[in-house]
Amino acid sequence: MWTVVQQRQQPSRRRREANAAKSAGGGKGVSSLVTTIPSRSTAAEVKHLRKAARFLRGLAFVRRDVISPLRHFLNAHSNGLTGIKLVALGIGPFTYEESRAGFLQMALFIVLQSECESFVRHLIRSKLSSVPSNNGDGLQPSTPTVRACFFDPVATEVHTKCCDKLGVVMEECNLYGAYIPGHPHALLIAYLPHSPWVLLRNLFVSNLTKISECPAGGEGGVNKVDSLVLRRTLVIGNDVKKGPCVSDTFLEKLGAYLHIGELHVRGRRKQCVESFVECVSDTCDDVGDVGEVTVFDGLTGISRHDIVQAFSETSVMQLNERSELLLLDELKRIRIPPLTCVGLDMV
């Protein structure tokens with residue numbers, strides 16, 4: 001039997017500062033928070049975020065440790081794909097002058113969004129090219145969609161406007177990390193950099209739901225097999241093998257059934273190591289070779305330390321399908337912790 005001891009996690013420095021600013025505003029509401037943010041226009045902020053995204057895409061650790069497993073995951077589930085939902089949680093304030101870490105994390109979310117949109121465009125072109133030109137029934141193949149969402153309790157009107165220009169939907173309801181794919185043939189990309197551990201636990205608990213489906217080539221209702229919703233979820237967040245406390249073993253034990261690929265921000269001795277995904281060739285320097293302060297397309301002030309702080313202790317995680325039957329069997333014997341929706345660790 002697994003036991004879970006809930007423990008409050010101390011908010012990060014930038015989250016404490018944002019909460020302090022919110023408290024200082026008193027009854028002034030959101031408008032008081034907006035006035036504390038420098039007067040750079042929303043358009044300029046979005047422009048800088050897009051430039052930062054292009055910069056991150058050029059770093060070897062992003063291409064090797066993030067983009068490569070993402071592409072592998074998308075290709076593995078392309079058959080019958082109906083849609084992709086991306087959700088970003090726990091980033092906090094992300095304008096350049098509020099938080100360098102939040103700014104870089106939001107830029108990486110833009111990279112994820114761009115990759116998914118590019119994949120769907122390619123998938124649609126492939127489907128259209130496979131439809132005979134003399135098809136007289138007038139039916140077109142269904143086209144998958146991409147929906148990117150963002151939620152953070154300290155988000156302000158400035159962040160909402162930035163998200164709107166980036167094509168990202170600002171969620172109004174706090175689901176406390178309880179996100180799942182919206183359809184049996186849809187995918188969820190959950191991005192939780194440095195988020196409270198309880199959000200990550202809620203996310204995994206929500207995706208441990210069992211579903212029954214026909215194997216490839218099977219007939220409806222015949223020889224259905226059990227699988228987990230988690231199979232169609234990719235998580236980028238805190239490494240579950242580095243749990244919040246020794247008494248909370250749920251995430252740590254769940255890690256035995258996951259593929260976990262750490263973001264090697266500082267580089268590593270071997271450019272390509274044996275992994276569950278095919279490594280991409282490295283043609284760009286890692287962060288370890290980037291100057292102390294780098295300049296990209298006119299944006300200055302981002303240091304090597306900022307990049308390490310933004311992406312340290314972050315991993316790309318997904319279900320190891322070879323271990324799925326073992327996990328299904330284990331779930332019959334254990335008590336899955338309930339979703340947690342209260343407490344300071346939600347902030």
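Our structure is the block above this text.
Treat the numbers as computed from the prediction; the structure is a model and nothing was measured.

Those residues of helix α9 (residues 304-311) not exposed but buried are Asp306, Ile307, Val308, Ala310 and Phe311. Positive phi appears at Glu313, one or two residues downstream of α9, with a value of about 60°.

A few words now on helix α7 (residues 197-206). For α7, the tally of buried residues reaches ten of ten residues, placing the bulk of the element in the interior. Residues of α7 that are buried: Trp197, Val198, Leu199, Leu200, Arg201, Asn202, Leu203, Phe204, Val205 and Ser206. On the buried face of α7, the contacting elements are β4 (186-192), β7 (233-238), α8 (250-254), β8 (258-262) and β11 (314-319).

Attention now goes to the packing of aromatic side chains. As enumerated under the stated definition, the model contains four aromatic pairs in all. Ring centres 5.2 Å apart and planes at 75° place the aromatic pair Tyr96 and Phe103 in the edge-to-face group. With a relative accessible area of 7%, Tyr96 lands in the buried category. Consider the rings of Phe109 and Tyr191, whose centres lie 6.1 Å apart with planes at 5°: the pair is stacked. Here Phe109 is found in helix α5 (residues 100-130), whereas its partner Tyr191 is found in strand β4, with 82 residues between them in sequence. There is no split in this pair, since Phe109 and Tyr191 are both buried. The ring of Tyr96 has Arg100 lying over it, and the distance from NZ or CZ to the ring centre is 4.0 Å.

All right, on to the nonpolar core then. In globular proteins that are soluble, nonpolar side chains generally tend to be buried together. Counting 56 residues, the largest nonpolar core has Ile84 and Phe311 as the members making the most contacts within it. With 14 residues, α5 is the single largest residue contributor to this core. Each residue touching Ile84, except ones within four places of it in the same chain, is listed here: Leu74, Cys116, Phe119, Val120, Thr145, Val146, Arg147, Leu187 and Ile189. Ranked by size, the runner-up nonpolar core spans 30 residues in total, among them Leu89, Leu203, Val205 and Leu328.

Right, let's get into the environment of Gly83. One can find Gly83 in strand β1 (residues 83-89). The buried category is assigned to Gly83, whose relative accessible area is 8%. For the pair Gly83 and Pro184, spaced 101 residues apart in sequence, the C-alpha separation works out to 10.0 Å.

Attention now moves to the packing of helix α3 (residues 42-57) against helix α6 (residues 157-166). Packing of α3 against α6 leaves a shortest axis separation of 9 Å and a crossing angle of 60°. The orientation of α3 with respect to α6, classified from their angle, is oblique. Both α3 and α6 take part in a crossing whose hand is right-handed. Contacts between α3 and α6 involve Thr42, Ala43, Glu45, Val46, Leu49 and Arg50 from the former and Lys161, Cys162, Lys165 and Leu166 from the latter. Residues of the contact of α3 with α6, tallied by class, amount to five nonpolar, one polar and four charged.

Basis of the calculations
Per chain, residue numbering runs from 1 following the sequence as it is written. Given that this is a predicted model, residues contribute local features only at a pLDDT of at least 70 and side-chain atom pairs are listed and counted only at 80 or more, while totals for whole chains, interfaces and linings are drawn from all residues. As a rule here, side-chain values cover all heavy atoms of the structure and leave hydrogens and water aside. Residue burial is assigned from relative accessible area. The probe radius is 1.4 Å, only protein chains are included, and a residue is buried under 20% of its type maximum, exposed over 50%, and partly exposed in between. Only DSSP runs of H or I with at least four residues qualify as helices, and only runs of E with at least two residues qualify as strands; both kinds are numbered from the N terminus onward. Note on contacts: a residue pair qualifies if any of its non-hydrogen atoms lie within 4.5 Å across the two residues. In this analysis, rings of Phe, Tyr and Trp, with Trp reduced to its six-membered ring, are considered paired at centre separations within 6.5 Å, and the interplanar angle assigns stacked below 30 degrees, edge-to-face beyond 60, and tilted for intermediate values. By definition, being over a ring means that NZ of Lys or CZ of Arg is both within 6 Å of the ring centre and within 35 degrees of the ring normal. Joining through side-chain atoms within 4.5 Å is the link that ties buried Ala, Val, Leu, Ile, Met, Phe, Trp, Tyr and Cys residues into a set, and such a set is a nonpolar core. Only the stretch in contact is used when fitting a helix axis, every axis being a line fitted to C-alpha atoms; angles between N-to-C directions are given from 0 to 180 degrees. Throughout this description, any angle smaller than 35 degrees is read as roughly parallel, any larger than 145 degrees as roughly antiparallel, any in the 65 to 115 degree range as roughly perpendicular, and the remainder as oblique. By convention, the crossing between two helices is left-handed when the near helix turns anticlockwise from the far helix through less than a right angle, and right-handed when the turn is clockwise. For this classification, Asp, Glu, Lys and Arg are treated as charged, while Ala, Val, Leu, Ile, Met, Phe, Trp, Tyr, Cys and Pro are nonpolar and the rest, including Gly, are polar.

No statement about biological role is implied by the geometric values presented.
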